[in-house]
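Chain residues, written in single-letter form:
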Amino acid sequence: MQTPDDLQKIWQTQTSYVPSEKEVKALWRKNLWNQWGYVALDVITWLAVIWFFPKMVTNELHIMQQIWLYTFLGLGFVYTIYFNWLRRFSFRFNVQTMDYLNLLTQQKQSDLTIARTSKKLIVFMTLAFFIWYPIFAYVKELSMHEFLISMLKSSVFLAVVGGLVYWWAHWFQNSSQRFLDKLANMRDLQTKSE
Amino acid sequence: MASLLKEYGALFDRVAAAYEANFAIRQELTQEIVFHVWQSLKHFRGDSQLKTYVLKIAHNRGVQHVSKEVKRIQPELITEDSATVSGADYEAEQAQQLNILMKTIRELPLSQRQVATLYLEGLSYQEIAEVSGNTQSNVGVMINRIKTKLQEALNHANT
């Protein structure tokens, strides 16, 4: 019969791997690059908006295009605020394991909402574009040839960009759902064992 | 960083071992644990022992590791606990006992797994209660159940 001390002795016989400072710092640098990547993405997005804004206010664009762009800009603004509000759990810090599990669940539920909303937004914007564009072509009195060519170009652009965002959102939704399922399973086991 | 690794590096790897059997992935988990503990040190207010604080962070990373998808190595490439059993440092019997112990611990529910690891690391009931967020009496009950399970597994293997 093993005594408790023996159990501790057996456990302590493990040969442990201790990572080097270099390895941990490499992980830190990778993390830092990821964070800078997100910052760069935000900066590029805003630079694009700043570059485009004067074009809108100097009436270089048709009024219908301005309406579309203002709607797009407004939605983007609301979307950013909403997503950052959802991400608020990421800034919290919890040490106790049960609290940490709750925090992880909240984070993943927010991720799930972000993914679902992104997918809905892509579908909505695509539908809105296909309703808006013929009206725009009619108001601007485009010829059928011009209309079809520009519609084709816009559709290809939308399919590529929208498709990529939709694909990302779908992947993000699935991976968040799997994470949440595993968390729910662990919480269930945790409760049963107590 | 150097002092953190020197003081607790081996401890973090033993915690990682309770959450991951594959040695290559376990190494990555240990690196992640060290990284997150290092990042979390700025939140340490000194209202508990540093050891119990870092253990909380380490276990939380372990929990997250179990939840998230990890890249899976092909079964034929898996060298389960290779560093712990393949060396010439251990007698075959000791290595076998350690493997059974590790396997049994990994099969425990999350809360029991955490308490088991802390108990095996030699923490007092009070410290275990502090890390796990349980009461001391609850910890006592859990440890008795865990010991019974671990001893049964070892005895079963010996017969």
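Everything numeric in this text was worked out from a predicted model, so none of it was measured. (Residues numbered from 1 in each chain as written. Chains lettered and ligands numbered in written order. Predicted model: local features only at pLDDT ≥ 70, side-chain atom pairs only at ≥ 80, totals over all residues. Heavy atoms only, no water.)

**Q** How should I be thinking about the overall build of chain A in this particular structure?
**A** When you go through chain A residue by residue, the secondary structure sums to five helices and zero strands. Along the chain direction, N to C, the helices and strands of chain A fall in the order α-α-α-α-α. Taking all 194 residues of chain A together, 30% fall into the buried category. Expressed as a percentage of contacts within chain A between residues at least 6 apart in sequence, the contacts between residues at least 24 apart total 69%. If you sum the accessible surface of chain A, you get close to 12,900 Å²; carbon and sulfur atoms cover 68% of it. (Helix = DSSP H or I, 4+ residues; strand = E, 2+ residues; numbered from the N terminus. Buried < 20%, exposed > 50% of the residue type's maximum accessible area, 1.4 Å probe, protein only. Contact = heavy atoms within 4.5 Å. Areas by Shrake-Rupley, 256 points an atom, 1.4 Å probe, with all protein chains shown as cover.)

**Q** Looking at this structure, I do not really get the interface of chain A and chain B. What am I missing?
**A** By a widely used convention, the size of an interface equals the accessible area lost when the partners come together. Opposite the 42 residues of chain A that make contact, chain B presents 63 residues. Counting each side, the surface lost to burial between chain A and chain B is near 4,800 Å², with a carbon and sulfur contribution of 62%. Across the contact surface, chain A and chain B share six residue pairs in polar contact (both at pLDDT 80 or more). Broken down by secondary-structure element, the contributors of at least two residues to the side of chain A that touches chain B are helix H1 (4-12), helix H2 (21-57), helix H4 (97-139) and helix H5 (144-193) of chain A. For the side of chain A that touches chain B, the element with the highest residue contribution is H5(A), accounting for nine residues. A per-class count over the side of chain A that touches chain B returns 20 nonpolar, 16 polar and six charged. (Buried area = accessible area lost by both parts, 1.4 Å probe. Polar contact = N/O pair within 3.5 Å; in protein donor to acceptor, adjacent residues only side chain to side chain. Nonpolar A, V, L, I, M, F, W, Y, C, P; charged D, E, K, R; others polar.)

**Q** Mind showing me how you'd approach helix H5 (residues 92-107) of chain B here?
**A** One turn of an α-helix holds 3.6 residues; hence residues three or four places apart share an orientation. Spanning 16 residues, H5(B) covers 23 Å between terminal C-alpha atoms, matching the ideal 22 Å at 1.5 Å per step. Residues of H5(B) that are buried include every one of Ala95(B), Gln97(B), Leu98(B), Ile100(B), Leu101(B), Met102(B), Thr104(B), Ile105(B) and Arg106(B), and no others. (Expected span 1.5 Å × (residues − 1).)

**Q** Can you help me understand unusual backbone geometry in this one?
**A** For residues other than glycine, phi is negative in most cases, and the peptide bonds are mostly trans. Residues and elements named next belong to chain A. Unusually for a residue other than glycine, Glu-141 sits at a positive phi of about 55 degrees. As for its position among the elements, Glu-141 is in the loop between H4 and H5. When its relative accessible area of 71% is taken as the criterion, Glu-141 is described as exposed.

**Q** I keep staring at a nonpolar patch on the surface and nothing clicks. Help me out?
**A** Residues and elements named next belong to chain A. A cluster of nonpolar side chains, Trp-28, Leu-32, Trp-33, Trp-36, Val-39, Val-43, Trp-46, Leu-47, Ile-50, Phe-77, Val-78 and Ile-81, forms an exposed patch at the surface whose accessible area comes to about 1,300 Å². For the nonpolar patch, the elements supplying multiple residues, two or more each, are H2 and helix H3 (63-86). Considering each element in turn, the nonpolar patch owes the most residues, nine residues, to H2. (Patch = residues over 30% accessible without salt bridge, like charges linked within 9 Å, V, L, I, M, F, W, Y side chains within 5 Å. Salt bridge = Lys/Arg side-chain N within 4 Å of Asp/Glu carboxyl O.)

**Q** Honestly, helix H3 (residues 50-67) of chain B in this entry has me stumped. Any pointers?
**A** In this model, H3(B) (18 residues) spans 26 Å end to end at C-alpha, consistent with the 26 Å of a helix rising 1.5 Å per residue. For H3(B), the tally of buried residues reaches 15 of 18 residues, placing the bulk of the element in the interior.

**Q** For this particular structure, what's the right way to read the confidence of the model for chain B?
**A** It should be kept in mind that the predicted coordinates are not to be read in detail where pLDDT is low. Mean pLDDT for chain B: 79, with 84% of residues reaching 70 or above. Between residues 71-79 of chain B, whose pLDDT stays under 50, and residues either more than four places distant or in other chains, the model counts 11 contacts. (pLDDT = per-residue confidence, 0-100.)

**Q** Help me out: how do you make sense of the packing of helix H1 (residues 2-19) of chain B against H3(B) in this one?
**A** Each packed pair of helices is defined by two parameters, the angle between the axes and the distance between the axes. Residues and elements named next belong to chain B. For the pair H1 and H3, the least separation of the axes is 9 Å and the interaxial angle reads 35 degrees. Of the two possible hands of crossing, H1 and H3 adopt the one that is right-handed. Only Leu-50, Lys-51, Val-54, Leu-55, Ala-58, His-59, Gly-62, Val-63, His-65 and Val-66 of H3 make contact with H1, whose side of the interface consists of Tyr-8, Leu-11, Phe-12, Val-15 and Tyr-19. Across the contact of H1 with H3, the residue classes break down as 11 nonpolar, three polar and one charged. (Axes fitted to C-alpha atoms, helices over the stretch in contact; angles between N-to-C directions. Left-handed = near helix turned anticlockwise from the far one by under 90°.)

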